[in-house]
Amino acid sequence: MEHVAQAVDLKSFFHNQMNMISEIDDHCRQIEDDLNQFKRQGKKLFLSSSLQTHSLPLLDIIHSIDPKIPVYFIDTGYHFPETILFKDRLKKEYGYHIIELSSPVNRYQQKDSDGQLLYTSDPDYCCYINKVLPLEPILKEYDVWISGVRASQSAFRSDLGKVGKGTFDTIKYHPVLEWTNQMIYAYKNAKNLPEHPLDEQGYSSIGCLPCTRKAEVGMDPREMRWFGLNKTECGLHTETMDTK
Ligand code: SF4
């Protein structure tokens, strides 16, 4: 009897997987249609990516549709060395069109009145200097910012729409807003995409080294960022939505 129960479980598992792959296919077709529509309107598009494992499906989808769309990676200067090596590997082995951006404010000017680096006392301002400022020239140059935020990642993100208004008259386009973790990992596995090297060490949400910690049992993945601080969202998204 046990064997029969296992066979039924496997059958339903494969059935669910097939349904999910078909749903993902529909989403990919919709993304291609959306990009084509933006292009027909004469709009210039770019993608930003933090190059985490769960960011790679969107990077791969955009690259498959149009490899000329640039992918901007904001190098805050505080990333884990593993992230920088992973970025270099993605460029070299997978041919992704990744361009690094960095802050116009050098590290020595990023100190508070006690001489401490800003992330220790004012992480919002640190994120502004190291993430928002480097992106501003790109926002002025392009019309559509493609971003991989997902509704399940935070309360702020769950309130976003698929298309929103960004600063500098940009359109913020969130094509995978409704994707679940299962869809992200089903795509990753189907396309055999690589994993960020820190995943296997227990980091499931990876940002800057000083503001990221390892997962512990029962923790929500986003709790691994800015742990112990009254900050749950990257300023890159909160400060680049036009709320007027
Ligand atoms: S995540 Fe931390 S180190 Fe990185 S820019 Fe924000 S406050 Fe600074």
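Reading guide: rules and limits
Residues numbered from 1 in each chain as written. Predicted model: local features only at pLDDT ≥ 70, side-chain atom pairs only at ≥ 80, totals over all residues. Pairing = 2+ DSSP bridges. Helix = DSSP H or I, 4+ residues; strand = E, 2+ residues; numbered from the N terminus. Axes fitted to C-alpha atoms, helices over the stretch in contact; angles between N-to-C directions. Right-handed = clockwise from strand over helix to strand, strands pointing away. Contact = placed C-beta atoms within 7 Å. Buried ≥ 20, exposed ≤ 12 C-beta atoms within 10 Å, placed from the backbone. Expected span 1.5 Å × (residues − 1). Bend = angle between axes of the 7 residues up to and from the residue.

A. Representation of the sheet that holds strand S4 (residues 144-146). Taken together, the 6 strands give an open sheet; going across it, the order is S3-S2-S1-S4-S6-S5, and neighbouring strands pair in mixed fashion. With partners counted over all chains shown, the strands left at the sheet margins are strand S3 (98-101) and strand S5 (163-165), one partner each. In this sheet, neighbouring strand axes are inclined to one another by 30° on average, regardless of whether the strands run parallel or antiparallel. When strand S1 (residues 45-48) meets S4, the two strands line up parallel, connected through 3 bridges. By the bridge assignment, Leu45 is partnered in S4 with Val144.

B. Spotlight on the pairing of strand S2 (residues 71-74). When S1 meets S2, the two strands line up parallel, connected through 2 bridges. Its bridge partner being in S2, Leu47 is matched across the sheet by Val71. For the crossover that starts at S1, traverses helix H2 (residues 56-65) and ends in the parallel S2, the hand is right-handed. Pairing geometry for S2 and S3, over 4 bridges, is parallel. Across the sheet, residue Tyr72 finds its bridge partner in S3, namely Ile99. Handedness of the S2-helix H3 (residues 81-94)-S3 crossover: right-handed.

C. How the structure looks around the environment of Pro175. With respect to the helices and strands, the residue Pro175 is situated in the loop between strand S6 (171-173) and helix H6 (181-190). As a C-alpha pair, Pro175 and Gly148 span 27 residues in sequence and 6.9 Å in three-dimensional space. Apart from the residues within four sequence positions on either side, Pro175 is in contact with Ile31, Asp34, Leu58 and Ile146.

D. Representation of unusual backbone geometry within the structure. The phi dihedral of Leu51 falls on the positive side, at around 60°, and the residue is not glycine. Its location among the elements puts Leu51 in the loop between S1 and H2. Overall, the presence of 20 C-beta atoms within 10 Å leaves Leu51 in the buried class. For Phe168, which is not a glycine, the phi torsion comes out positive at approximately 55°.

E. Quick look at helix H4 (residues 123-141). In this model H4 runs 27 Å from its N-terminal to its C-terminal C-alpha over 19 residues, within 8% of the 27 Å that 1.5 Å per residue would give. At Val132, H4 shows its largest kink, close to 35°, and the proline Pro134 lies no more than four residues downstream. Three or more residues of H4 are buried, namely Cys126, Cys127, Ile129, Asn130, Lys131, Val132, Pro134 and Leu135.

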